[in-house]
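So you can see what is in the structure, the chains are spelled out below.
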Amino acid sequence: MIRKNNLPDTNDKSLKQAAKRGLKTMKKTRAKHPLRTQGRIVKYGTSSFFRNIWLSTAATVVMVITLVISFVTVVASVILSNTAEMMREKIDITIYLEPNTSKEKLDELSGIIQTDSNIKSVVVSTSEEEYEKFLVENAESDEIIDALGDDMRELMVSKMQATMRIKVHDVENLDSIKNLVETNEVFVEYLDDEMEPTYDVNQAEIATITSWARIARTGGLILAAVFLVISVLIIFSTIRMAIFSRREEIYMMKLVGADKRFIRGPFLVEAEICGVIAGILAATISYFGFIMLAPKLSGYGINIDSIMNILQSNQLILVYLAFIVLGMIVGRISAWLAISKYLNKE
């Protein structure tokens, strides 16, 4: 009597051989038809996105918030930095000189001050010229114009200081200019005793705006990082739940020889669809939100020109593309982590 357990298992061998032949056939077919395989991956991923629509919606919403916060961070940093730079450009230091200082003497003082390397430009104005500027600035005030008759002109000119207005390259480094004005014999002789040079005018405002720009950049990056982590976790959980609901399907795919790329692909597509939708929504919200706020920001003296130039030109397409690409990257990374963790367990 022959024992059955000692007989070779011909069925197992034939199954293994058939499986190997099937795997070879699949690999050849996949190599010949990569577009067909990719099309199936996209089809399965799209189907999975709509199958888990509520989880996909939650992941998309959080991703939209993350992208909008990132946009606000970048915009706030840029416009506040531009505003501070604009104020620096407009700043001029005014040095008040004695009334009736002659034009020749003003030109001499201008030549002296321009020896400092921090000087960008110098404009001098005599007492008569300052009086004419005063009249222009108050041209709409009838009371002032009526009070300043011809007999008041000589008196006003005799009391009005001549001025030297200086623009500098670096408004935060004025020590050398101060030292020159306070120690040069010609300057000391003609400086007006009643009016101090305006070294520190607007410095506090510039420091405040620069500080706001730094806070906006730091705080925005922190908020964006927090919501980025939340987005990754939500998408990670969404993909993990999708994997759990399709675990038997994935198991069958492995049995018939599907490789990890084919198993992973639909989940990556699902996450990328979330990223594309989130990018479009976030870009649209950011665009219209900024357009609505732009008049108010401009009214407060904030320089929004650089951002408006981008949003109101063909570069807006690049902004949308940047949002979409960033959303796809976030979605893809999240899905990759989720599916890789599952595949590595198996």
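Structure: see above.
Novice: Looking at this structure, how should I read the overall build of the protein?
Specialist: The number of helices and strands found in the protein is 14 helices and three strands. Within the protein, the fraction of its 346 residues that count as buried is 38%. In the protein, once contacts between residues fewer than 6 apart in sequence are set aside, the share between residues at least 24 apart is 84%. Total accessible area on the protein is roughly 21,200 Å²; 61% of this is exposed by carbon and sulfur atoms.

Novice: Help me understand the packing of aromatic side chains, please; the structure alone is not making it clear to me.
Specialist: For any pair of aromatic rings, the description rests on two quantities: the centre-to-centre distance and the angle between the ring planes. One pass over the structure, following the stated rule, counts two aromatic pairs. Summarising the aromatic geometry, the rings of Phe 71 and Phe 323 are spaced 5.8 Å apart at their centres and angled 40° between planes, so their arrangement reads as tilted. Of the two residues, Phe 71 sits in helix α3 (residues 53–90) while Phe 323 sits in helix α14 (residues 316–345), which places them 252 residues apart along the sequence. For the pair Phe 71 and Phe 323, one class covers both residues: buried. Where Tyr 287 meets Phe 288, the ring centres are 5.0 Å apart and the plane angle is 80°; that geometry is what we call edge-to-face.

Novice: What exactly am I supposed to notice about a nonpolar patch on the surface here?
Specialist: There is a patch of nonpolar side chains on the surface, built from Val 325, Ile 329, Ile 333 and Leu 337 and spanning about 340 Å² of accessible area. Tracing the backbone through its elements, the reader meets Val 325 in helix α14.

Novice: In this structure, what is going on with the sheet that holds strand β1 (residues 93–97)? I would like to understand it.
Specialist: In sheet architecture, strand pairing relies on hydrogen bonds along the backbone and comes in two forms, parallel and antiparallel. The antiparallel open sheet is built from three strands, whose spatial order is β1-β3-β2. Each edge of the sheet is formed by a strand with only one pairing partner; in this case those strands are β1 and β2 (119–125). Adjacent strand axes in the sheet meet at a mean angle of 20° when their direction is disregarded. Both β2 and strand β3 (residues 162–168) contribute to a ladder of six bridges, which runs antiparallel. Bridge pairing links Val 122 to Ile 166 in β3. The strands touched by helix α4 (residues 103–113) are β1, β2 and β3; relative to β2, the strand with the most contacts, the crossing angle is about 170°. Across the sheet, helix α5 (residues 127–137) touches β2 and β3, and the angle it forms with β2 is around 85°.

Novice: Please explain the nonpolar core as it appears in this structure.
Specialist: Considering soluble globular proteins, one finds that nonpolar side chains tend to be buried as a cluster. Among the nonpolar cores identified, the biggest contains 38 residues, and Ile 79, Ile 239, Phe 290, Ile 304, Leu 311 and Phe 323 are the most heavily contacted of them. Looking at this core, the elements that each hand over two or more residues are α2 (34–51), α3, α10 (203–245), α12 (260–299), α13 (305–311) and α14. Of the residues forming this core, the biggest block, 13 residues, is contributed by α12. With sequence-adjacent residues up to four places away left out, Phe 290 is seen in contact with Val 75, Leu 297, Ile 304, Ile 307, Met 308 and Leu 311. Counting residues in hydrophobic clusters, the runner-up holds 25 residues, among them Leu 97, Ile 119, Ile 177 and Val 181.

Cut-offs applied
Residues numbered from 1 in each chain as written. Predicted model: local features only at pLDDT ≥ 70, side-chain atom pairs only at ≥ 80, totals over all residues. Heavy atoms only, no water. Helix = DSSP H or I, 4+ residues; strand = E, 2+ residues; numbered from the N terminus. Buried < 20%, exposed > 50% of the residue type's maximum accessible area, 1.4 Å probe, protein only. Contact = heavy atoms within 4.5 Å. Areas by Shrake-Rupley, 256 points an atom, 1.4 Å probe, with all protein chains shown as cover. Phe/Tyr/Trp six-rings, centres within 6.5 Å; stacked < 30°, edge-to-face > 60°. Patch = residues over 30% accessible without salt bridge, like charges linked within 9 Å, V, L, I, M, F, W, Y side chains within 5 Å. Salt bridge = Lys/Arg side-chain N within 4 Å of Asp/Glu carboxyl O. Pairing = 2+ DSSP bridges. Axes fitted to C-alpha atoms, helices over the stretch in contact; angles between N-to-C directions. Core = buried A, V, L, I, M, F, W, Y, C linked by side-chain atoms within 4.5 Å.

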